[in-house]
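Here is what each chain is made of, one letter per residue.
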Amino acid sequence: MKLSAKNTRKTGSRKKTAGRRAAKTVLARLRHSNEGREKNRPVKIGIVAIQGDFAAHAAMLQALGARTVEVRTVEDLEGCDGVVLPGGESTTQLQFLKEEGLFDAIRKFSKQGGAVFGTCAGAILLASKVNNPPQESLGLLDMTVLRNGYGRQMASDVFFSPSTLKKEPLEMVFIRGPIIEEVGKGIEVLARHDGKAALVEKGNVLAATFHPELTDDTTVHAHFLEMAAAHAAERAGSS
Ligand code: GLN
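What comes next concerns the included structure. (Residues numbered from 1 in each chain as written. Predicted model: local features only at pLDDT ≥ 70, side-chain atom pairs only at ≥ 80, totals over all residues.)

All right, on to the nonpolar core then. Grouped together as the largest cluster of nonpolar side chains are 68 residues, with contacts concentrated most on Val83, Val116, Leu126, Val145, Val200, Leu225 and Ala228. If one sorts the elements of this core by residue count, helix H7 (residues 219-238) sits on top with 8 residues. Ignoring sequence-local partners within four residues, the contact set of Leu126 consists of Leu85, Val116, Gly118, Ser137, Leu138, Leu140, Leu141, Val205 and Ala207. (Core = buried A, V, L, I, M, F, W, Y, C linked by C-beta atoms within 7 Å. Buried ≥ 20, exposed ≤ 12 C-beta atoms within 10 Å, placed from the backbone. Helix = DSSP H or I, 4+ residues; strand = E, 2+ residues; numbered from the N terminus. Contact = placed C-beta atoms within 7 Å.)

What follows is the structure, given as structure tokens:
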């Protein structure tokens, strides 16, 4: 199926119902695991907002009950439980992250337990090794990625593949996405496309070579909010 407005439109009660259900789950997590000042606080997610579809991520996360903030400076990360690195052009984003000090700040955020989710170019930035051409990356996930791995023109399409996150197949929108060529030990593959890992996670880091934010399916974002909520709960517990 070709990419079209129909495939990427976000309407309908299906999404709203799923969104409400997931939002309840996330808020419930915070209610049960937090005491004192953080009680009932919605999960706060920073979305790196340099280019690409950061607004689509924000809309989906808000529909799931999260608070979102656009991240362009290190200060914007303050108080976030999770960070999203959206799609776009990874070389441009890398340059911006370095110039703004966000490259080091996001690495530190992750090492301290903050949840990080990269989609497409964001997944490239999370990898430990990047090919075609090689470029520096955050190295937060032990995996090798091949940029534009599905080719350039034929690379934008919609597929449905099984995942470990739900019974029904997951809708995957690919836009000049990378191929995950190799994953290191301990990386969990949550979904594949064409035999290749397409959704992977380890600990508090999640990466998709496709764009879940451009579909009606909130499964992957709800999963990410669970990861971020778990981190918020841990922080509240130790403060
Ligand atoms: N091809 C882009 C890159 O290599 C990624 C495309 C995307 O994020 N949709 O950076």
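Following the structure, the description resumes.
On to unusual backbone geometry. The omega torsion of the bond from Asn132 to Pro133 falls at -10 degrees, within 30 degrees of zero and hence cis. For Asn132, which is not a glycine, the phi torsion comes out positive at approximately 70 degrees. Position of Asn132 among the secondary structure elements: in the loop between strand E5 (127-131) and strand E6 (141-146). Phi angles above zero are rare outside glycine, and Arg176 is one such case at about 45 degrees. If you trace the backbone, Arg176 turns up in the loop between strand E8 (170-174) and strand E9 (179-183).

Right, let's get into the sheet that holds strand E2 (residues 67-71). Pairing is mixed across the open sheet formed by 7 strands, whose spatial order is E2-E1-E3-E4-E12-E11-E10. In this open sheet, the two edge strands, each paired with only one partner strand, are E2 and strand E10 (188-193). Each strand of the sheet is rotated relative to its neighbour by a mean of 20 degrees, with strand direction disregarded. Looking at chain direction, E10 and strand E11 (residues 196-202) are connected through 5 bridges and run antiparallel. By the bridge assignment, Glu188 is partnered in E11 with Glu201. Sheet strands touched by helix H3 (residues 54-63): strand E1 (44-48), E2 and strand E3 (82-85). Its angle to E1, the strand with the most contacts, is close to 170 degrees. (Pairing = 2+ DSSP bridges. Axes fitted to C-alpha atoms, helices over the stretch in contact; angles between N-to-C directions.)

With that out of the way, let us pick up the site of the ligand. Around the ligand, a shell composed of Gly87, Gly88, Glu89, Ser90, Cys120, Ala121, Ile124, Arg147, Asn148, Ile175 and Arg176 is seen. Looking at side-chain class alone, the shell around the ligand contains 4 nonpolar, 4 polar and 3 charged residues. (Near = placed C-beta within 6 Å. Nonpolar A, V, L, I, M, F, W, Y, C, P; charged D, E, K, R; others polar.)

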